[in-house]
Amino acid sequence: MSKKDKIVVLNNPDQLNDILGYVPKWIIRWGNTINLTLITILLLGSWYFEYPDSIESKIVLKNINTLNLTNIKKSRDIYFGTLQIKEALGNKVKPGQEIILKIDDSSFEDLGIIQGTLREIYKTPINGMFEVIIDFSDESIIKLKKHNIYTNQMRGSAEIIIRRIRMFDKIIKLFLLS
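Residues numbered from 1 in each chain as written. Predicted model: local features only at pLDDT ≥ 70, side-chain atom pairs only at ≥ 80, totals over all residues. Heavy atoms only, no water.

### Re the pattern of salt bridges
Then, in step 1: The tally for this structure, following the rule as stated, stands at two salt bridges.
Then, in step 2: The salt bridge partner of Arg-163 is Asp-53, with a shortest N-O separation of 3.2 Å. Linking Arg-163 in strand S6 (residues 153-166) with Asp-53 in strand S1 (residues 50-63), this pair joins segments that are 110 residues apart in sequence.
Then, in step 3: Judged by relative accessible area, Asp-53 falls into the partly exposed class, the value being 22%.
Then, in step 4: Across the salt bridge formed by Arg-164 and Glu-98, the nearest N and O atoms sit 3.4 Å from each other. Here the residue Arg-164 occupies a position in strand S6, and Glu-98 occupies one in strand S3 (residues 98-103), the gap between them amounting to 66 residues.
Then, in step 5: Given the relative accessible area of 26%, Glu-98 is considered partly exposed. (Salt bridge = Lys/Arg side-chain N within 4 Å of Asp/Glu carboxyl O. Helix = DSSP H or I, 4+ residues; strand = E, 2+ residues; numbered from the N terminus. Buried < 20%, exposed > 50% of the residue type's maximum accessible area, 1.4 Å probe, protein only.)

### What about the confidence of the model for the protein chain?
Then, in step 1: Residues of the protein chain with pLDDT of at least 70 account for 74%, and the chain-wide mean is 76.
Then, in step 2: Per-element averaging of pLDDT across the protein chain places helix H3 (residues 108-111) at the bottom with 69 and helix H2 (residues 25-48) at the top with 92. (pLDDT = per-residue confidence, 0-100.)

### Observations concerning the packing of aromatic side chains
Then, in step 1: Under the counting rule described, the total for this entry stands at one aromatic pair.
Then, in step 2: Plain terms: the ring middles of Trp-47 and Phe-168 are 5.3 Å apart, the flat faces sit at 70° to each other, and that makes the pair edge-to-face. Of this pair, Trp-47 sits in helix H2 while Phe-168 sits in helix H5 (residues 167-177), and the two are 121 residues apart along the sequence.
Then, in step 3: When its relative accessible area of 37% is taken as the criterion, Trp-47 is described as partly exposed. (Phe/Tyr/Trp six-rings, centres within 6.5 Å; stacked < 30°, edge-to-face > 60°.)

### Overview of the pairing of strand S5 (residues 129-136)
Then, in step 1: For S5, the tally of buried residues reaches six of eight residues, placing the bulk of the element in the interior.
Then, in step 2: Looking at chain direction, strand S4 (residues 114-126) and S5 are connected through seven bridges and run antiparallel. Within S5, the position partnered with Ile-121 by the bridge is Val-132.
Then, in step 3: Between S4 and the antiparallel strand that follows it, S5, lie two residues; Asn-127 among them carries a positive phi value of about 55°. (Pairing = 2+ DSSP bridges.)

### Looking at the pairing of S3
Then, in step 1: Side chains Ile-99, Leu-101 and Ile-103 of S3 all project onto a buried face; the interleaved residues Glu-98, Ile-100 and Lys-102 project onto a face where none is buried.
Then, in step 2: Note that S3 and S4 share four bridges and pair antiparallel. Residue Ile-99 lies in a different strand from S4, and its bridge partner there is Gly-116.
Then, in step 3: In terms of strand pairing, S3 meets S6 through five bridges, oriented antiparallel. Opposite Leu-101, over in S6, you have Ala-158 as the bridge partner.

Below, the structure is given as structure tokens:
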């Protein structure tokens, strides 16, 4: 038998446990460093990334130009919408907020996102529903006309963006509330 083929036989199980149970310190150091780096990156990313805090609702849209209203300038297409928002959430909706719509009778892949701005909100709820006037961009109205969805009354779902919130703020609130 040559020196390379020499087999070491350990008769004592404690010696075997010492060899197999030993974790090198460099593995522990690098593992801790990688974990700390990942947590730091996630916290820094949550500080910079924002997401919209929103209210989802059903909406019925009517073209104001088809209604007989004399006090509203009808130079461009403006829509009058009825949102089904709970009265408790009604105080969070304000003029100037962005609204994103999906029309029920259309394919989302074809039409895409229809964006508008809340122009006016009638604060008196009727059976728990708030009425709003939505001002759409010219691009959104062109999309509706192009896909022949431009009708007098349209139904869909609306997402009203209340505010943009940092993920970091949301994480902090979760820890403070628990």
